[in-house]
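Residue-level structure breakdown
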Amino acid sequence: MDTSSAEAGRRERGWISLLRAPETRPLPRCWWYDASTLVIVDAALAEEVLRAPRGTYILPSRFYVDTADGSGGARTSTELPPGRATVQSWMTPAWTGASVRKLAPAMLAAADEALDAHPPAATGWPALEGALELSSRLAALLCLGPDADLVTGLHTTMRAAAPGVVRGVGQPGDSDAKARFAQAAAEIGSRVQRAVDRRRGGVDVDSPDLLSTLLAAAHKRGQTDLRSVVFAVAHALWRVETGPGLVTAWMLHELAKHPDHQSRLRQEAFAVLGRTGTPEVLNPAELISTGHAMDETLRLYPTAWIQGWVACQAVDIGDQHLEPGMQVRIAVYPIQRDPANYLDPDAFRPERWADPDLAGPANAFLPFSLGTSYCKGTHWVHAVATLSTAAILRRYQLAPTPGAEVIEQFTSHLQPVGLFLDTNQLPTNN
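Notes on the structure in this doc start here. All values derive from a computational prediction rather than experimental measurement. Residue numbers restart at each chain and count upward from 1, following the sequence in its written direction. Only residues with pLDDT of at least 70 get local features here, since the model is predicted, and only at 80 or more are side-chain atom pairs given and counted; chain-wide, interface and lining totals rely on the full set of residues. As a convention, hydrogens and water are excluded, and side-chain values are obtained from all of the structure's heavy atoms.

1. What about the overall build of the protein chain?
Under the scheme used here, helices are H or I runs from DSSP no shorter than 4 residues and strands are E runs no shorter than 2 residues, and both carry numbers assigned from the N terminus. Secondary structure assignment for the protein chain yields 14 helices and 14 strands. Going through the 430 residues of the protein chain one by one, you find that 52% of them count as buried. The contact criterion used is simple: two residues touch if any of their non-hydrogen atoms lie within 4.5 Å. For the protein chain, restricting intrachain contacts to residue pairs at least 6 apart in sequence, the fraction spanning at least 24 positions comes to 71%. The buried label applies to any residue whose accessible area, calculated with a 1.4 Å probe on protein chains only, is under 20% of its type's maximum; exposed applies above 50%, and partly exposed to all values in between.

Put into structure tokens, the structure is as follows:
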């Protein structure tokens, strides 16, 4: 398909439809969405952007237009605001697999408690809401440990606020959603501040959660102003609540359609977690087949389906030229479904991740980005999604609800709209 045909298809059907339609393949390597936004759908070009020297590109949230002198010139900051970079470095110990393993038994217990309190409906269970409920509880434990109760119930406020804030390239924002977002963010910050105050009150906490890690680092340095700590925990809580929940929902969608894969993962859950209860020692990484299913789900349905950057300087991408201030959008969704990168790219085949020859090129799997922008919370995402899925599978047999149609909604995240499942509770001795 040549560039002119792609442009005609974009105008006629909308560019998102173009990206996900198999009949439009192969897509051009890149094209201009508008005069200042270049869309990339090629793995090699995406890697070129993501591995560019520091200072070449910057996240849109850290790009500013300085109009004080009336020139409208671009002013960028390649460094985080004062103190933020330091706080990010303090967060590193909490992101590790070792920290996740210490919290894993409590995370599984929290998932079981949530399923006990709100068991899935036998028919027409809204799986997205259920998955996000589980991920919010597990995210709270990772971020706040023993103070997770302080943010109980906030996930509904967060979800209601988030979708309309950034609706993707070319989609209008929602001013009302921005107000809801600000209100929800303020409430989350207030709850995290309460957790900080509780720790100041002499509560003895020995936990690998993020708040404990940050407070220990701040105490070691004699830091008394903890606003940056509150911000970091609140920001992490917001992000880890959404992404893993969406991954879990999409994974349940595919497993319901593929009983053979579902049965295999259920047997793995029995072997690693036990049929009921919580083991004293638990390593989510031992859910190997579940992890493969999660990676395949992220390939088909990357929650961060498009990644945006702003050029800080004049730069060439392939045969295209960008001036400072122009945007680059890496369209992860079509890259990960490109037949040049993956055999049978639209099929759910978790087994491909057990075979390096089938897994595809490393630069064509971008749910966590690449290079210096690689997501530091990968262990968290894996733990929340795999434990949530395993907790559900060891209790229920899943099947699609007859007549339900799942639609891919491309907003700030890739979300499954209309995802309803039928659940059959399994006997505990099954």
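2. Some points on the nonpolar core
One finds I40, Y57, M107, V233, I317, I330 and W380 to be the most contacted residues of the largest nonpolar core, which totals 117 residues. A total of 17 residues in this core trace back to one element, the largest contributor, which is helix α10 (residues 227-257). Discounting chain neighbours no more than four positions away, the residues touching I317 are L38, I40, L45, E48, V49, Y57, L322 and V328. Take the buried residues of types Ala, Val, Leu, Ile, Met, Phe, Trp, Tyr and Cys, join any two whose side-chain atoms come within 4.5 Å, and each joined set is a nonpolar core. By size, the runner-up hydrophobic cluster in this structure holds 6 residues, among which are L27, V39, V41 and A331.

3. Some words on the sheet that holds strand β10 (residues 327-331)
Strand pairing is defined by DSSP finding a minimum of two bridges between the two strands. The 5 strands are arranged β1-β2-β10-β7-β3 in an open sheet whose pairing can be described as mixed. What marks the edges here is a single partner per strand, and that holds for β1 (30-34) and β3 (57-58). Two strands pair when backbone bridges link them, and strand β2 (residues 37-40) and β10 are joined in this way by 4 bridges, in the parallel orientation. Within β10, the position partnered with I40 by the bridge is I330. Throughout, an axis means a line fitted to C-alpha atoms (over the contacting stretch in the case of helices), and angles, computed between N-to-C directions, take values from 0 to 180 degrees. The strands that helix α3 (residues 43-50) touches are β1, β2, β3, β7 (306-311) and β10; relative to β10, the one it contacts most, it runs at about 130°.

4. Concerning α3
In an α-helix, one turn spans 3.6 residues, which is why side chains three or four residues apart end up on the same side. Within the span of α3, buried status applies to A43, L45, A46, V49 and L50. Down the axis of α3, the buried set is contained in an arc of 160°. They therefore lie on one face. As used here, the arc belongs to the directions running from the helix axis to the C-beta atoms.

5. Some words on the pairing of strand β12 (residues 407-410)
Along β12, the buried face is formed by E408 and F410; none of I407 and Q409, which line the opposite face, is buried. Counting the residues that bridge the hairpin from β12 to strand β13 (residues 414-417) gives 3 residues.

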